[in-house]
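One letter stands for each residue in the lines below.
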Amino acid sequence: MGLFDFFRTTEWRVDAATGRHAAQISELHGENFARGWSVGEIEALMTGGGTVTDILRSRAGSSRIDGFALSRVAGGEAELLSIAVSSRRRGKGGSTKLLAQHLARIAAAGARRVVLEVDEDNEPALRLYRRFGFDEVGTRPAYYARRDGTRGTAKVLARNLG
Ligand SMILES: CC(C)(COP(=O)(O)OP(=O)(O)OC[C@H]1O[C@@H](n2cnc3c(N)ncnc32)[C@H](O)[C@@H]1OP(=O)(O)O)[C@@H](O)C(=O)NCCC(=O)NCCS
């Protein structure tokens, strides 16, 4: 990061992902979730049809991905499978820009409702989703295998689109 970048607010851009982004998405996913996704799994999800994948980048450093969001869309409903922002780029509004554009793209792909699961202890993610108007519609006890061997309860959140 140069001196100029340090003093200005990050301007984010969100774009549709392509296959060449799969390796960086896999890496980012692995840094953030106990159960990683291989590059092959990400590629299969992205090319299998019925998925919407977006990437977050800063305008300054366009070759590096700072975040991604991946959803599956079917029958008018979307499932947000994964969203993450790289740890060193958080707290700069990137997740807000990413989720806003991702929800718009999901709606454009035909979804009228979006559901997701989130660890009940994941305060940053819960705050993000509440800010976007998601409501809790259920729980899944002992759903997440955590790195420390314990299991976490998932909250199921949903909101309508459009
Ligand atoms: C969830 C995630 C994408 C949010 O991105 P972010 O850049 O941290 O987003 P923000 O900085 O806008 O923070 C979101 C909210 O959490 C709050 N927050 C940030 N870090 C926090 C912490 N350690 N504890 C409590 N709240 C925190 C922020 O204040 C903000 O609250 P606000 O909306 O009321 O202002 C990011 O934290 C992430 O990638 N986490 C790891 C992957 C993950 O858990 N994904 C969600 C899976 S369902």
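Everything below is about the structure shown above.
Definitions and limits used
Residues numbered from 1 in each chain as written. Predicted model: local features only at pLDDT ≥ 70, side-chain atom pairs only at ≥ 80, totals over all residues. Axes fitted to C-alpha atoms, helices over the stretch in contact; angles between N-to-C directions. Helix = DSSP H or I, 4+ residues; strand = E, 2+ residues; numbered from the N terminus. Left-handed = near helix turned anticlockwise from the far one by under 90°. Contact = placed C-beta atoms within 7 Å. Near = placed C-beta within 6 Å. Nonpolar A, V, L, I, M, F, W, Y, C, P; charged D, E, K, R; others polar. Buried ≥ 20, exposed ≤ 12 C-beta atoms within 10 Å, placed from the backbone. Pairing = 2+ DSSP bridges. Right-handed = clockwise from strand over helix to strand, strands pointing away.

1. Observations concerning the packing of helix α2 (residues 22–32) against helix α3 (residues 39–47)
Contact geometry for α2 and α3: axes closest at 8 Å, N-to-C directions at 115 degrees. Crossing handedness for the pair α2 and α3: right-handed. Side by side, α2 and α3 meet where A22, A23, I25 and S26 of the first sit next to V39, I42, E43 and M46 of the second.

2. Looking at the site of the ligand
Of all residues adjacent to the ligand, which total 17 residues, the nearest are R90, S95, E123, P124 and R127. Secondary-structure elements contributing two or more residues to the shell around the ligand are β4 (77–85), α4 (94–108) and α5 (123–131). Looking at the shell around the ligand element by element, the count peaks at 6 residues for α5. Of the residues assigned to the shell around the ligand, the class counts are 7 nonpolar, 6 polar and 4 charged.

3. Details of the environment of F134
Among the secondary structure elements, F134 is positioned in the loop between α5 and β6 (135–145). Given 21 C-beta atoms within a 10 Å radius, F134 is considered buried. Each C-alpha atom, one on F134 and one on L99, is 12 Å from the other, the two residues being 35 residues apart in sequence. Dropping the residues within four chain positions of it, F134 is found in contact with Y129, L157, A158 and R159.

4. Some details on the sheet that holds strand β5 (residues 113–119)
The sheet built from 7 strands is open, its strands ordered β1-β2-β3-β4-β5-β7-β6 with mixed pairing. Two strands close off the open sheet at either side, each with one partner strand: β1 (12–16) and β6. Direction aside, the axes of adjacent strands within the sheet are offset by 25 degrees on average. Bridging between β1 and strand β2 (residues 51–58) involves 5 bridges; their strand directions are antiparallel. Looking across to β2, one finds that A16 is bridged to D54.

5. Notes on the pairing of β2
β2 sits mainly inside the fold: 7 of its 8 residues count as buried. One ladder, built from 6 bridges, connects β2 with strand β3 (residues 67–74); its direction is antiparallel. For V52, the partnering residue across the bridge sits in β3 and is S71.

6. Observations regarding the pairing of β5
Covered by surrounding structure in β5 are V114, L116 and V118 only, the residues R113, V115, E117 and D119 on the alternate face being uncovered. Here 4 bridges tie β4 to β5, and the two strands are oriented parallel to one another. Within β5, the residue paired with E77 across the bridge is R113. Handedness of the crossover joining β4 and β5 through α4: right-handed. As defined by bridge partners, β5 adjoins strand β7 (residues 151–160) across 7 bridges and the pair is classed as antiparallel. By the bridge assignment for β7, L116 is matched with L157.

7. So, unusual backbone geometry
Even without glycine at this site, A142 takes up a positive phi of about 50 degrees. Along the chain, the position of A142 falls in strand β6.

8. A short note on the environment of R113
Tracing the backbone shows R113 in strand β5. Along the chain, R113 and L161 lie 48 residues apart, while their C-alpha atoms are 5.3 Å from each other. With residues near it in sequence (within four places) discarded, R113 still touches G76, E77, A158, N160 and L161.

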